[in-house]
Structures are given as structure tokens and as C-alpha cells.
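Architecture at a glance
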Protein chains: 2
Amino acid sequence: MKRPQVVETVSDLRAVVREWRRQGLSVAMVPTMGALHDGHVSLTRIALERADRCVVSIFVNPTQFAPTEDLDKYPRQLAADLDRLADAGVQLAFTPTAAEMYPQGFDAKVTIGGPSAGMETDFRPTFFEGVATVVAKLFLQTLPDCAVFGEKDYQQLCVVKKLCRDLDIPVEIIGAPTIRDTEGLAMSSRNAYLSPVELTQARQLNKILRKTAQALQLGAEPQETLDEARRQIINAGFDGVDYVEARESNTLAPWRRDRDGRILVAARLGATRLIDNVEIAAV
Amino acid sequence: MKRPQVVETVSDLRAVVREWRRQGLSVAMVPTMGALHDGHVSLTRIALERADRCVVSIFVNPTQFAPTEDLDKYPRQLAADLDRLADAGVQLAFTPTAAEMYPQGFDAKVTIGGPSAGMETDFRPTFFEGVATVVAKLFLQTLPDCAVFGEKDYQQLCVVKKLCRDLDIPVEIIGAPTIRDTEGLAMSSRNAYLSPVELTQARQLNKILRKTAQALQLGAEPQETLDEARRQIINAGFDGVDYVEARESNTLAPWRRDRDGRILVAARLGATRLIDNVEIAAV
């Protein structure tokens with residue numbers, strides 16, 4: 001397959017997109033931090049069903065990592081990523097440096113209330129500020145018609161939708177189903193950190209969530225059920241559960257039985273932090 | 001003259017701009033809070049020299065007023081404003097409601113560090129957050145090629161330039177010279193609040209600033225000179241001086257003699273707060 005064109009500057013990115021626009025082509029974007037796996041490929045597939053051209057950004061965004069987090073060891077593998085994008089038929093990869101994204105004197109912040117409150121924010125207080133700011137920049141650099149985000153990062157998906165709605169960023173946000181291995185483990189670049197034993201333990205997480213969702217749909221008391229899920233996750237070998245919560249699907253307000261909901265979890269396995277989520281159908 | 005087309009919703013605004021783009025026309029924007037005067041008209045003139053079409057937004061933005069400020073009594077005069085825009089040859093007026101700009105659940109904030117620190121921010125702590133957020137929205141609703149802002153609100157002009165640079169908003173910001181009456185008083189919608197006596201006093205402000213700039217250019221010691229300016233403003237009849245400062249023209253960092261600078265002032269006359277600024281040429 002043909003390798004995607006690679007651009008590293010905003011001005012080169014805009015030149016390519018401008019030429020596409022001149023030809024009347026529509027454009028979809030898939031923002032990533034690289035270390036691409038089948039989950040990302042599924043996003044590009046949806047992007048190319050929606051638009052004539054797909055641009056994938058690969059940028060390990062320092063502002064969404066806390067000083068204690070895994071910025072330095074986050075997996076980076078550009079050559080392999082470009083091979084994956086070639087297989088997927090992606091036309092353009094945008095791989096800016098940190099200096100291109102955050103030049104000397106950069107000092108802007110975009111904060112989104114609503115869905116960014118709680119859960120991830122309780123454990124990573126500036127995470128969504130970093131995400132909202134970099135996604136706003138990527139969208140305004142590219143101005144795609146639409147962008148595809150995985151439901152795997154469900155709270156992030158809700159934050160990005162809210163970002164575009166509140167700031168009138170003219171980009172349609174498309175949520176894409178989580179891609180899982182045969183055991184149900186959600187694809188994640190951070191799975192690469194897991195030892196074989198941890199991998200077996202990690203595979204319990206989604207099974208527990210699905211059972212918990214089923215119990216809630218059948219009428220079980222929410223807090224007791226979530227407390228039980230927390231115990232099961234620890235019993236499966238996890239070292240800690242940051243949160244396991246039931247929320248409304250769209251607003252991420254506390255879940256009510258008559259609404260579509262989502263169970264969201266973050267749990268730690270050794271030095272690795274995994275997140276996942278499953279649907280609770282409205283009764 | 002032909003009255004401008006008036007649209008009240010983002011979707012109508014985008015439909016007009018989309019049609020202009022289809023015709024290959026360039027678009028300039030002049031964001032205003034209405035109560036249009038000769039200063040605003042000069043901005044539209046510059047806009048129409050730069051672009052084929054000009055859209056003027058008229059929106060008294062509640063988020064940039066503090067609870068103690070003059071939101072309720074801020075002058076509103078849409079019919080007269082539209083006459084002015086007709087005379088100026090402006091093609092489109094965008095007059096959204098507060099509910100159109102800030103629908104239920106709206107919760108985003110854009111903050112810009114750098115030039116927003118100090119001066120206005122010391123007295124109106126959330127002012128530039130309100131300005132940056134609404135200007136980002138207006139730009140992303142309209143996506144003009146350029147936008148014209150008056151140098152009268154000099155700190156705001158610097159904040160808007162920084163906003164576009166930091167968030168990659170693809171709009172060129174053009175600063176336009178302050179329009180003054182024959183005595184040097186800067187045009188401002190808030191001048192309408194002044195009694196005849198206050199008007200005479202207000203007219204001293206720019207004269208004092210110009211003399212202060214001259215003194216600095218001739219080598220006078222900055223802090224003493226600014227302290228003297230403060231005394232002169234009070235002697236002219238002002239009830240208080242919020243700040244009078246010398247800053248670098250672009251970054252608004254403290255002024256250094258070898259750089260182009262700006263003296264910026266905010267002073268109170270009765271219930272009215274006036275701002276102005278003048279250039280300090282580099283020696």
C-alpha cells in the first residue's frame with residue numbers, strides 16, 4: 001500500500017487540506033498519540049467511510065500528562081504507525097513537534113465543564129484541559145468536516161463533543177465502538193506495558209463490567225452493585241480501582257434508571273492504568 | 001443606502017457566509033457590542049478595504065461584564081446601528097441572542113495568559129476570559145479571513161491576536177487606529193454616559209497621555225513620569241485612576257526604553273470608566 005504523505009508543520013498541513021478543498025473533497029480527521037493498534041485502524045475505516053480523505057495526527061501531547069505520568073515511556077513507533085496507516089488507506093499523517101504545537105510564549109487553555117467533571121478529572125486534574133486545548137488546536141489547524149474518536153475513552157469523547165458544541169467548532173464528532181480482543185480486553189496503546197500475567201488479569205475487567213451492567217438493567221441497587229464490581233476488580237488481581245461509576249450516556253450526569261447509561265472504570269494493574277466502559281441500556 | 005442583511009442564528013450566519021465562499025468572495029469581520037460610533041465605522045471601512053464582504057456582529061456579551069458593571073444600562077440601539085452599517089456599506093449584521101450564544105449547559109472557557117495579565121485584569125478579573133471565549137465563538141461561527149479590532153482597546157487587541165496565534169484560529173487580526181474627536185477624546189460607546197462637564201474633563205486624558213509619552217521618549221524616568229501622569233489625571237477632574245502603565249507594544253511586558261511601547265490607562269469619571277492608550281516610539 002501507498003504510505004501516507006507526512007507533514008510536520010501546520011502550514012504544510014493546511015496546504016494539503018486547501019488543495020483537497022479546491023478539488024471539492026471532504027476531509028475526516030483521527031487525532032491519535034501514535035502507537036497505533038486495531039482500535040485506531042477501525043477509526044480510520046469509519047473516517048474513510050464518511051469522507052474522501054483522512055488525516056491522522058500523531059502527537060504525544062505533553063500537556064495531558066501529569067508530571068508523575070508516563071509521558072517519557074509512552075510508546076513511540078512512527079515507522080510502524082505509518083505502515084499501519086498505509087494499510088488503512090490513510091492519505092495524510094500530521095506529526096508535529098511539541099515546538100510546532102506549543103511555540104515559545106504559548107499560554108492558552110480551553111476548559112470544558114459539564115462532562116469533564118469527576119472520574120478522570122479526580123485522578124488527572126488537568127487532563128481534559130490538555131485534551132480540550134490540543135484537540136481545539138488540531139481541529140482549527142485542519143478544519144476537517146468530521147473527526148472520529150473511540151468510545152474506549154468515553155469521557156474524552158463526551159468532552160470533545162461538548163468542546164465543539166460550546167465553542168462552535170464546525171467539526172462533526174463521531175464516536176466509534178471500542179475494539180476488543182477475543183477475551184473482551186479493550187485495545188489500548190498502554191496494553192503494551194502488561195506482562196503476560198497482568199494481561200490475563202486485565203481481561204477480567206470488561207467481563208466484570210458487562211455483568212455489572214446486566215445486573216443494573218435487571219434492577220439491582222446501583223451503589224451496592226458498583227461496590228461489588230469494585231471488589232471483583234480487586235479480586236481479579238488489579239492493584240486499585242480509581243473509580244467505577246454509572247453515568248448518563250450523553251451528559252455524564254449521575255445515571256438514572258430511565259436513561260441510557262454507561263459504566264465507566266479506571267483501574268490499576270502494576271504501573272499500568274487501564275480504562276474501559278460499557279453501555280447500560282435504558283429499562 | 002441598502003440596509004445590511006440581518007441574521008440572528010449561527011446557522012443563518014453560516015448559510016450566508018457559505019454562499020459568499022461559493023462565489024469566491026473574501027470575508028472580513030468586525031465584532032462589536034453595538035452602540036456604533038465613528039470608531040466602529042472606521043473599522044468597517046478597513047474591513048471592506050481588505051475583503052469583499054463585511055459581517056458586523058452586534059452582541060452585548062454578558063460574560064465580559066462583572067455583576068457590578070454596566071451590562072443592563074450598556075447602550076442598545078439596533079435600528080440606529082443598522083442605519084450606520086447601511087451607510088458604511090456593510091453587507092451582514094449578526095445579532096444573536098444570549099441564548100443563541102450560550103445555550104443551556106454551555107460551560108466552556110478560553111483563557112489566554114501573556115497579554116491578559118495585569119491592567120484590565122486587575123480591575124475586571126474575568127473580563128478577558130469573557131472576551132476570548134466570545135471572540136473564539138464568533139470567529140468559529142463565521143470563519144472570516146480577517147477581523148478588525150480598534151487600538152482603543154489595546155490590551156484586548158493583544159489578547160485577541162494571542163488567542164488566534166495560540167489556538168490556531170485561522171483569522172488574521174488587524175489593529176485599527178483609534179478615532180478621536182477634535183480634542184483627542186477616544187470614541188467610545190461609554191462616552192454617551194458623560195455629562196457636559198465630564199466631557200470637558202474626559203478630553204484632558206489623551207492630552208496628558210501624549211505629554212507623558214513625549215517625556216518618556218525624551219528620557220524621563222518611567223515610574224516618576226507615570227506617577228506624575230496619574231496626578232495630572234486626578235487634577236483634570238477624574239475620580240480615580242485604575243492604572244496608568246508603560247508596556248511593550250506587542251507582548252505587553254513592562255516597557256524597556258529600546259522597544260516600541262504603549263502607555264495604557266483606565267480612569268474613572270463619576271460612574272463612567274474610560275480607557276485610552278498612546279504609542280511610545282522606540283528611542
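Residues numbered from 1 in each chain as written. Chains lettered and ligands numbered in written order. Predicted model: local features only at pLDDT ≥ 70, side-chain atom pairs only at ≥ 80, totals over all residues. Heavy atoms only, no water.

Looking at the sheet that holds strand β1 (residues 5-7) of chain A
All names here are of chain A. Here we have six strands laid out as an open sheet, ordered β1-β4-β3-β2-β6-β7, and parallel in their pairing. The open sheet has two edge strands with one neighbour each: β1 and β7 (172-176). Strand-to-strand twist across the sheet, computed as the mean angle between neighbouring axes with direction ignored, equals 25 degrees. Here helix α1 (residues 10-22) sits on the sheet in contact with β1, β2 (27-32), β3 (53-58) and β4 (92-94), set at roughly 155 degrees to β4. Each of β6 (146-150) and β7 touches helix α7 (residues 154-167); the most contacted strand, β7, lies at about 170 degrees to it. (Pairing = 2+ DSSP bridges. Helix = DSSP H or I, 4+ residues; strand = E, 2+ residues; numbered from the N terminus. Axes fitted to C-alpha atoms, helices over the stretch in contact; angles between N-to-C directions. Contact = heavy atoms within 4.5 Å.)

Brief notes about α1 of chain A
Residues and elements named next belong to chain A. Between its first and last C-alpha, α1 extends 18 Å over 13 residues, near the 18 Å set by a 1.5 Å rise per residue. Within the span of α1, buried status applies to V10, L13, V16, V17 and W20. Buried residues of α1, viewed axially, fall in a sector of 130 degrees; they line one side. More than 90 degrees from the buried face of α1, the exposed residues found are S11, R18 and R22. On its buried face, α1 sits against β1, β2, β3, β4, α4 (98-101) and α6 (127-142). Immediately beyond the C-terminal end of α1, within one or two residues, lies G24, with a positive phi of roughly 80 degrees. (Expected span 1.5 Å × (residues − 1). Buried < 20%, exposed > 50% of the residue type's maximum accessible area, 1.4 Å probe, protein only. Arc of directions from axis to C-beta.)

Re the environment of A88 of chain A
Residue and element names in this part refer to chain A. Within the secondary structure, A88 is located in helix α3 (residues 78-88). Given a relative accessible area of 22%, A88 falls into the partly exposed group. With 87 residues separating them in the primary sequence, A88 and M1 have C-alpha atoms 8.5 Å apart. When neighbours within four sequence positions are excluded, A88 is seen to be in contact with V41, T44 and L48.

Focus on helix α9 (residues 204-217) of chain B
All names here are of chain B. In this model, α9 (14 residues) spans 20 Å end to end at C-alpha, consistent with the 20 Å of a helix rising 1.5 Å per residue. Those residues of α9 lying buried are L205, N206, I208, L209, T212, A213 and L216. In a view along the axis of α9, the buried residues occupy a sector of 160 degrees, so they form one face of it. At its buried positions, α9 is contacted by α8 (196-202), α10 (222-235), β8 (240-248), β9 (261-269) and β10 (272-280).

Quick notes on the interface of chain A and chain B
With 24 residues of chain A at the contact, the number on the chain B side is 24 residues. Taken together, the two surfaces of chain A and chain B that pack against each other cover about 1900 Å², and 54% of this comes from carbon and sulfur. Counting the surface chain A buries against chain B, the share from its top three residues, L140, L167 and D168 of chain A, is 29%. Seen at the junction of chain A and chain B, the total is two salt bridges. Put simply, D168 of chain B and K137 of chain A hold a salt bridge, and the shortest N to O gap is 2.6 Å. Inspection of the region where chain A meets chain B yields 20 residue pairs in polar contact (both at pLDDT 80 or more). Only α1, β5 (108-112), α6 and α7 of chain A provide two or more residues apiece to the side of chain A that touches chain B. (Buried area = accessible area lost by both parts, 1.4 Å probe. Salt bridge = Lys/Arg side-chain N within 4 Å of Asp/Glu carboxyl O. Polar contact = N/O pair within 3.5 Å; in protein donor to acceptor, adjacent residues only side chain to side chain.)

Examining the pairing of strand β9 (residues 261-269) of chain A
The side chains of a regular strand alternate between both faces of the sheet. Residue and element names in this part refer to chain A. Here β9 lies mainly inside the structure; eight of its nine residues are buried. Note: strand β8 (residues 240-248) against β9, eight bridges, orientation antiparallel. The partner of V241 across the bridge, within β9, is A267. Examined bridge by bridge, β9 and strand β10 (residues 272-280) share nine bridges and lie antiparallel to one another. Following the sheet pairing, R262 is matched in β10 by E279. Where β9 hands over to β10, the hairpin turn is made up of two residues, of which G270 adopts a positive phi near 60 degrees.

Things to note about the sheet that holds strand β6 (residues 146-150) of chain B
Residue and element names in this part refer to chain B. Taken in spatial order, the six strands line up as β1-β4-β3-β2-β6-β7 in an open sheet, and their pairing is parallel. Strands at the two margins of the open sheet, each flanked by one partner only, are β1 (5-7) and β7 (172-176). Strand-to-strand twist of the sheet, defined as the mean angle between neighbouring strand axes without regard to direction, takes the value 25 degrees. Note: strand β2 (residues 27-32) against strand β3 (residues 53-58), six bridges, orientation parallel. Of the residues in β3, the one forming a bridge with V27 is R53. Of the strands in this sheet, β1, β2, β3 and β4 (92-94) are in contact with helix α1 (residues 10-22), which crosses β4 at around 155 degrees. Strand contacts of helix α7 (residues 154-167): β6 and β7, with the helix running at about 170 degrees to β7, the strand carrying the most contacts.

Some remarks on the UniProt feature "binding site: (R)-pantoate" (unreviewed entry) in chain A
Residue and element names in this part refer to chain A. Per the UniProt record, the feature "binding site: (R)-pantoate" (unreviewed entry) sits at Q64 and Q156. Over a stretch of 93 residues, the named residues converge on one spot in the fold, their C-alpha atoms separated by at most 11.6 Å. Turning to its location among the elements, Q64 is positioned in the loop between β3 and α3. The residues contacting Q64, other than those within four sequence positions of it, are M33, E69, R124, F127, G130, V131 and V134. A polar side-chain atom of Q64 sits 2.9 Å from a polar atom in the side chain of N61. With respect to the helices and strands, the residue Q156 is situated in helix α7. (UniProt positions renumbered as here; feature names shortened; annotations may be inferred.)

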